[in-house]
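# Commentary on secondary and tertiary structure
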Amino acid sequence: MNEKIRLDKFISNQTGVSRSETKKLIKKGFAAVNGTAVKNAEISVDPESDTVVFCGDTLSYKKYIYIMMNKPADVVSASRSPEERTVVDLVPDSMKRRGLFPAGRLDKDSTGFVLITDDGEFAHSVLSPSRHVPKTYLVTAETELSPENEKKFMSGVELSDGVTKPAKITKTEKYIDGHPVYEVVLFEGRYHQIKRMFSSLGSCVLGLHRISFGGLKLDESLLPGECRELGSEEVAEITKNR
Ligand code: URA
């Protein structure tokens, strides 16, 4: 038998509307279960078999949601912040749920693929250093690295918090305003890691854009700040080894 859940909790979880606001709206007659109007927020529903309509929308139950965002610059990778705009603030209402957070961080000035979810266990597993889920970035550097420094980048760079794990770096044919663009793959995620690696090798990062998370590429049709929900096959791609 499926686990039942209180109507107000179910609606609040699925819509991101606060529990108290949900209760008020249920009392006012904005909810129906299996075609019957319900004003009691405390009744139990079976999320998988009952049809719940709230404010005219049928809520299709999904235990968790996985969202790909093309993060713009000047937005922080956090759920909430008193002063700054966060990636979760940019999620449109149709995908808003309680408990959304970004799985891992991109710096405020970095752009590209951020995974936003409410599935803590999944996020933990893809971020766990022992899992080695690769993340790929396009990095615009101030100056080129020497072949010797490229080798060091790949084998491990001494940082204040220890030597980095083996990484990949390939110089692309692209230049932005005369600055070389590298493709970098990391298998760990330390604070400002790529910036610190370049700087310890005598260069400087001017721009950083994440283009894939595990085996899943950023959807290039997403404009900065846009996002879309991932299907289950896409979520599985994240943990697939390439
Ligand atoms: N490395 C960095 O330095 N910054 C990021 O945002 C991601 C990786």
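For the structure, check the block above.
To keep things clear, this report deals only with the structure shown in the data block. (Residues numbered from 1 in each chain as written. Predicted model: local features only at pLDDT ≥ 70, side-chain atom pairs only at ≥ 80, totals over all residues. Heavy atoms only, no water.)

Let us look at the environment of Met-197. Checked against the element boundaries, Met-197 lands in helix H5 (residues 193-200). Taking the relative accessible area as the measure of exposure, Met-197 reaches 0% and is therefore buried. Each C-alpha atom, one on Met-197 and one on Glu-48, is 48 Å from the other, the two residues being 149 residues apart in sequence. With residues near it in sequence (within four places) discarded, Met-197 still touches Phe-153, Val-157, Leu-159, Thr-164, Ala-167 and Leu-186. (Helix = DSSP H or I, 4+ residues; strand = E, 2+ residues; numbered from the N terminus. Buried < 20%, exposed > 50% of the residue type's maximum accessible area, 1.4 Å probe, protein only. Contact = heavy atoms within 4.5 Å.)

All residues in the neighbourhood of the ligand are listed as Leu-106, Asp-107, Ser-110, Tyr-137, His-192, Gln-193, Ile-194, Lys-195 and Leu-208. Here Gln-193 contributes a backbone N or O atom positioned 3.3 Å from an oxygen atom of the ligand. Between a nitrogen atom of the ligand and a main-chain N or O atom of Ile-194, the distance comes to 3.2 Å. Burial of the ligand by the protein chains amounts to 96% of its free accessible area of 240 Å². Take the shell around the ligand: its biggest share by element is three residues, from H5. Split into classes, the residues belonging to the shell around the ligand amount to four nonpolar, three polar and two charged. (Near = heavy atom within 4 Å. Polar contact = N/O pair within 3.5 Å; in protein donor to acceptor, adjacent residues only side chain to side chain. Areas by Shrake-Rupley, 256 points an atom, 1.4 Å probe, with all protein chains shown as cover. Nonpolar A, V, L, I, M, F, W, Y, C, P; charged D, E, K, R; others polar.)

The next thing to look at is the nonpolar core. Within soluble globular proteins, side chains that are nonpolar generally end up buried alongside one another. Counting 31 residues, the largest nonpolar core has Ile-67, Ile-116, Val-139, Phe-153, Val-184, Ile-194 and Phe-198 as the members making the most contacts within it. Taken together, the elements giving at least two residues each to this core come down to strand E7 (66-71), strand E9 (111-117), strand E10 (135-141), strand E14 (179-186), H5 and strand E15 (205-213). Non-local contacts of Ile-194, meaning those with residues more than four positions away in its chain, are made with Tyr-137, Val-139, Val-184, Leu-186, Val-205 and Leu-208. By size, the runner-up hydrophobic cluster in this structure holds 16 residues, among which are Ala-103, Val-126, Phe-213 and Ile-238. (Core = buried A, V, L, I, M, F, W, Y, C linked by side-chain atoms within 4.5 Å.)

Read across the open sheet, the four strands follow the order E3-E2-E5-E6; overall the sheet is antiparallel. Each edge of the open sheet is held by one strand with a lone partner, namely strand E3 (36-37) and strand E6 (57-59). Strand direction decides the pairing type here: strand E2 (residues 31-33) and E3, joined by two bridges, are antiparallel. Residue Val-33 lies in a different strand from E3, and its bridge partner there is Thr-36. Packed on one face of the sheet, helix H1 (residues 7-15) meets E2, strand E5 (52-54) and E6 and runs near 65 degrees to E5. (Pairing = 2+ DSSP bridges. Axes fitted to C-alpha atoms, helices over the stretch in contact; angles between N-to-C directions.)

Right, let's get into the pattern of salt bridges. A full pass over the atoms with the stated rule returns 15 salt bridges. Linking Lys-62 and Glu-229 is a salt bridge whose minimum nitrogen-to-oxygen distance equals 3.3 Å. Pair noted here: Lys-62 is in the loop between E6 and E7 and Glu-229 is in strand E17 (residues 227-229), with a separation of 167 residues, a long-range link. Measuring nitrogen to oxygen at the nearest pair gives 2.8 Å for the salt bridge that ties Asp-161 to Arg-190. Of this pair, Asp-161 sits in the loop between strand E11 (158-159) and strand E12 (162-163) while Arg-190 sits in the loop between E14 and H5; the two residues are 29 residues apart in sequence, bridging distant segments of the chain. Taken together, the shared-partner salt bridges connect Asp-161, Glu-188, Arg-190 and Arg-196 into one network. (Salt bridge = Lys/Arg side-chain N within 4 Å of Asp/Glu carboxyl O.)

This next bit is on the pairing of E9. Taking burial as the measure, the seven residues of E9 include six buried ones, the bulk of the element. Where E7 lies against E9, six bridges are found, and the strand directions are antiparallel. Within E9, the residue paired with Met-69 across the bridge is Val-114. Two elements, strand E8 (residues 101-102) and E9, share two bridges in a ladder whose sense is antiparallel. Within the sheet, the bridge partner assigned to Phe-101 lies in E9 and is Thr-117. With two bridges joining them, E9 and E15 adopt parallel strand pairing. Its bridge partner lying in E15, Thr-111 is registered against His-209.

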